[in-house]
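# What the coordinates show
Residue strings, one per chain:
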Amino acid sequence: MPNRALDWIPQELAALEARGQRRRLEPIAGAQGPVVEIDGRPLVNFCSNDYLGLANHPRLRQAMVDAVERYGAGAGAARLLVGDLALHHALEERLARFKGTESALLFSSGYHANAGVLGALAGPGDAIFSDAWNHASIIDGCRLSGADVHVYPHLDADGLGKLLAASKARRRLVVTDAIFSMDGDAAPLVEIVELCERHGAMLYLDEAHSTGVLGATGGGLAEALGVSGRVDVLMGTLGKALGSYGAFVAGSRALTNWLVGTSRTFIFTTALPPATCAASIAALDVLAEEPERLAHLDALSARMKAGLEALGFPVRDVVGPIFPVMLVEEARALEASRGLREHGYLAKAIRPPTVPRGTSRLRVSLTASHTFEQVDGFLAALRKDDPGGRRTGPRTT
Ligand SMILES: *Cc1c(COP(=O)(O)O)cnc(C)c1O
């Protein structure tokens, strides 16, 4: 007898399909890069988070090969068992220097860090204050913590201040993305730092999209705004601009000592493989030695921003290489994505539940491996494909 207990799934999938919300995997044939091959077709890739173009950089590749030769494929255990490699410590020291903190602690991914660190810092009886558009992993970390969660309107420092002033919780923690992953705008970090100091609240900053991208040395938004020393918990990822995989939390020695023994997503998971740690060290070397990558990314971003503004898309608040091309409805976003693909450009439609209803869009991201011609070509294809009337005014959420 076949088991019929999963029969609800095909129906639910069909319902998602009808709403334009079904998601499908689409394998790329070769390596990550500015042009990827899907279904035998080369497409200029405006979807990746490989902002510095390091995912396929020869130095990262070689560092990984060398690490495999010396240390093997896997760490073999969690850090607290016997998976704690000298290479993990070497990378942590390097990350602490990069972020200008006493200490840093690796996590297997950004998701692990957000899911496990918030709960190590705030629990039942405490309060977490979270921007309404924070990344899903932050939302999950808030839920897992058991703390009271107060969601403040996106970027609204005044709203946050009122919530902080009203809170009588034992410990208070404010958490925000630095650059928001689907909108490309930045947290009002200086105001938030001041509020946290005034109210004695901890500040947790997720620099997933800003590490390697903002600041004079690529340190992130806190570096760019000169407040690194005033953010208690600087979380960053190694799988986006830094090209490989993993994540870290940088801060005081007391903080990382505490997390080693209390963060469940640090304790109960296998340590990062040596090769990815070696790649991250190589990525930090490249970032320091090839500042022209960041400069080129900035120039491309300025070109894209001006081009999208000229087409009437509201991208004024964008501060980095992520651009929301707002199309409002799922069907329009899907149609625009299909049209661009016909012209040879890959820009995926982002729909609910990833973004709020009525804000379906293309998420366009740039990397240092793109050329100005590719950006101009994309803008021309978007113009051709947008006969008018599809653009939106200011967003409605
Ligand atoms: C991507 C992302 C994460 C998760 O990082 P991974 O290393 O990919 O798990 C966390 N926070 C934000 C804001 C992100 O965009």
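Reading the values: rules and limits
- Residues numbered from 1 in each chain as written.
- Predicted model: local features only at pLDDT ≥ 70, side-chain atom pairs only at ≥ 80, totals over all residues.
- Heavy atoms only, no water.
- Near = heavy atom within 4 Å.
- Polar contact = N/O pair within 3.5 Å; in protein donor to acceptor, adjacent residues only side chain to side chain.
- Areas by Shrake-Rupley, 256 points an atom, 1.4 Å probe, with all protein chains shown as cover.
- Helix = DSSP H or I, 4+ residues; strand = E, 2+ residues; numbered from the N terminus.
- Nonpolar A, V, L, I, M, F, W, Y, C, P; charged D, E, K, R; others polar.
- Core = buried A, V, L, I, M, F, W, Y, C linked by side-chain atoms within 4.5 Å.
- Buried < 20%, exposed > 50% of the residue type's maximum accessible area, 1.4 Å probe, protein only.
- Domains from an automatic or database assignment.
- Contact = heavy atoms within 4.5 Å.
- pLDDT = per-residue confidence, 0-100.
- Axes fitted to C-alpha atoms, helices over the stretch in contact; angles between N-to-C directions.
- Parallel < 35°, antiparallel > 145°, perpendicular 65-115°, else oblique.
- Left-handed = near helix turned anticlockwise from the far one by under 90°.

Right, let's talk about the site of the ligand for a bit. By nearness alone, 13 residues border the ligand, and G110, Y111, D206, H209 and K240 come closest of all. The separation between an oxygen atom of the ligand and a polar side-chain atom of H209 is 2.4 Å. In this structure, K240 approaches the ligand through a side-chain N or O atom, which is 2.7 Å from an oxygen atom. Protein chains bury 84% of the 380 Å² of accessible surface belonging to the ligand in isolation. Per-element tally for the shell around the ligand: the top contributor is helix α5 (residues 110-121), with 3 residues. Looking at side-chain class alone, the shell around the ligand contains 2 nonpolar, 8 polar and 3 charged residues.

Another aspect to go through is the nonpolar core. The biggest cluster of nonpolar side chains holds 90 residues, and the ones touching the most others in it are V174, M304, L362 and F378. Sort the elements by how many residues they give to this core and helix α12 (residues 274-289) lands first, with 10 residues. Here this core spans two domains, since at least three of its residues come from each of domain 1 (14-45 + 291-385) and domain 2 (58-289). Beyond its immediate chain neighbours, meaning those up to four positions away, M304 contacts F46, F323, V364, L366, V375, F378 and L379. If you look at the next biggest cluster of nonpolar residues, it comprises 22 residues, including A113, L118, A122 and Y204.

As a further point, take unusual backbone geometry. Looking along the chain, the bond that leaves P352 and enters P353 is cis, with omega of 10°. Tracing the chain through its elements places P353 in the loop between β12 (349-350) and β13 (360-365). In this structure, L155 is a non-glycine residue whose phi angle is positive, near 65°. Residue L155 is classed as partly exposed on the basis of its relative accessible area, which comes to 26%. For V328, which is not glycine, the phi torsion reads 75° and is therefore positive. By the secondary structure assignment, V328 is in strand β10 (residues 322-328).

A residue-level look at the chain finds 97% of positions with pLDDT of 70 or above and a mean pLDDT of 95. Within the model, the stretch residues 387-397 combines pLDDT values under 50 with 27 contacts to residues more than four positions away or in other chains.

Viewed as axis vectors pointing N to C, helix α13 (residues 291-310) and helix α15 (residues 372-384) meet at an angle of 15°, and their least axial separation amounts to 10 Å. Viewed along their axes, α13 and α15 adopt a mutual orientation that is roughly parallel. Where α13 crosses over α15, the handedness of that crossing is right-handed. Between α13 and α15, the residues in contact are H296, A299, L300, R303, M304, G307 and L308 and F372, V375, D376, F378, L379 and L382, respectively. When grouped by side-chain class, the residues that make up the contact of α13 with α15 number 9 nonpolar, 2 polar and 2 charged.

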